[in-house]
Amino acid sequence: MGDIKSKRWQELADVKRELAQRDWFYGTSGNLSIKVSDDPITFWVTASGKDKRKESAEDFVLVDAAGEPSEPNQSLKPSAETLLHTYVYQQTKAGCCLHVHTIDNNVISELYGDEGEIRLKGNEIIKALGYWEEDAEVTIPIIENPAHIPHLAEQFRVHVTDGADSGAVLIRNHGITVWGKTALEAKRVLEAYEFLFSYHLKLTLYKMQLVR
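The numbers attached to residues start from 1 for each chain and follow its sequence in the written order. Totals for whole chains, interfaces and linings use all residues, but because this is a predicted model, local features are given only for residues with pLDDT of at least 70 and pairs of side-chain atoms are given and counted only at 80 or more. Neither water nor hydrogens contribute to the side-chain values; these are computed over all heavy atoms in the structure.

## With respect to the overall build of the protein
Helix and strand assignments follow DSSP, with helices taken as H or I runs no shorter than four residues and strands as E runs no shorter than two, numbered in order from the N terminus. Helices and strands together make up the secondary structure of the protein, namely 5 helices and 8 strands. Reading the helices (α) and strands (β) of the protein from amino to carboxyl end gives α-β-β-β-α-β-α-β-β-α-β-β-α. Taking 212 residues into account, the globule formula puts the C-alpha radius of gyration at 17 Å, and the protein, at 17 Å, falls close to it. Overall, the C-alpha framework of the protein stretches about 65 × 35 × 30 Å when taken along its three principal axes. Expressed as a percentage of its 212 residues, the buried residues of the protein come to 48%. Look at the contacts in the protein between residues 6 or more apart in sequence, and 60% of them connect residues 24 or more apart. Counting only carbon and sulfur atoms, one obtains 51% of the accessible surface of the protein, whose full area is about 10,800 Å². Values of the radius of gyration come from C-alpha atoms, whereas the globule rule sets the reference at 2.2 Å times the count of residues to the power 0.38. Burial classes follow relative accessibility: with a 1.4 Å probe on protein chains only, a residue under 20% of its type's maximum area counts as buried, one over 50% as exposed, and anything between as partly exposed. Any two residues whose heavy atoms approach within 4.5 Å at even a single point are treated as in contact. Methods summary: accessible areas were calculated by the Shrake-Rupley approach with a probe of 1.4 Å, and residue burial reflects only the protein chains presented.

Structure, rendered in structure tokens:
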């Protein structure tokens, strides 16, 4: 178990480092996790209030299926949004869950928030999400952002498909949460959606300028 814990820690640390290099952790925002065991469910999750652009031995907390610290004498607190991660691991086959706040995903969530979703199609990067048919379309649900985390988590839970390996949910004016079977897959899903959001916003703005 010790070797697996260390290996998963390093995998999550590598992902955190790469996302930090992209400057996707504004103001200590965001939270990341990776599953360590299935029975019982345990996972590493980012510690609350840490600057994720820095690296230390206190970056992650090992928690149980309820999101509570699973090791004795644990002084660190798990991320305030750990509850969302618990639903991912309880309801899916995912092994890693990533949540980041970027300008692009916040703008997209506000532009399409009243519709409750955004549909994107016709871009090659959609293949990174596992859709290979020509002119494929993806739909990302958008939920509201109540301050009370249990209320947020219940909205989020509706869109976590039982047994699915990967998925994504946008939280309005907050950020995106994605999950995948492995850390690599979760990062790929996150990168693909962030690419699509940036592309969609730039293309829309360009078309508006042409019309003028």
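## Regarding the side chain of Asn-106
Here Asn-106 shows up in helix 3 (residues 103–111). Pairing of N or O atoms within 3.5 Å defines a polar contact, subject to two protein rules: one partner must be a possible hydrogen donor and the other a possible acceptor, and residues neighboring in sequence count only if both atoms are side-chain atoms. A distance of 3.0 Å separates the side chain of Asn-106 from the side chain of Asn-105, its partner in a polar contact. Those residues in contact with Asn-106 that sit more than four places away from it in its chain are His-101, Asn-173, His-174 and Gly-175.

## Notes on a nonpolar patch on the surface
Patch membership needs two things, relative accessible area over 30% and no salt bridge, and members are linked within 9 Å if like-charged or within 5 Å if nonpolar (Val, Leu, Ile, Met, Phe, Trp, Tyr). Think of a salt bridge as a Lys or Arg side-chain nitrogen and an Asp or Glu carboxyl oxygen that are within 4 Å of each other. On the surface, a cluster of nonpolar side chains totalling about 380 Å² of accessible area is made up of Tyr-26, Ile-103, Val-107 and Leu-111. A relative accessible area of 38% places Tyr-26 in the partly exposed class.

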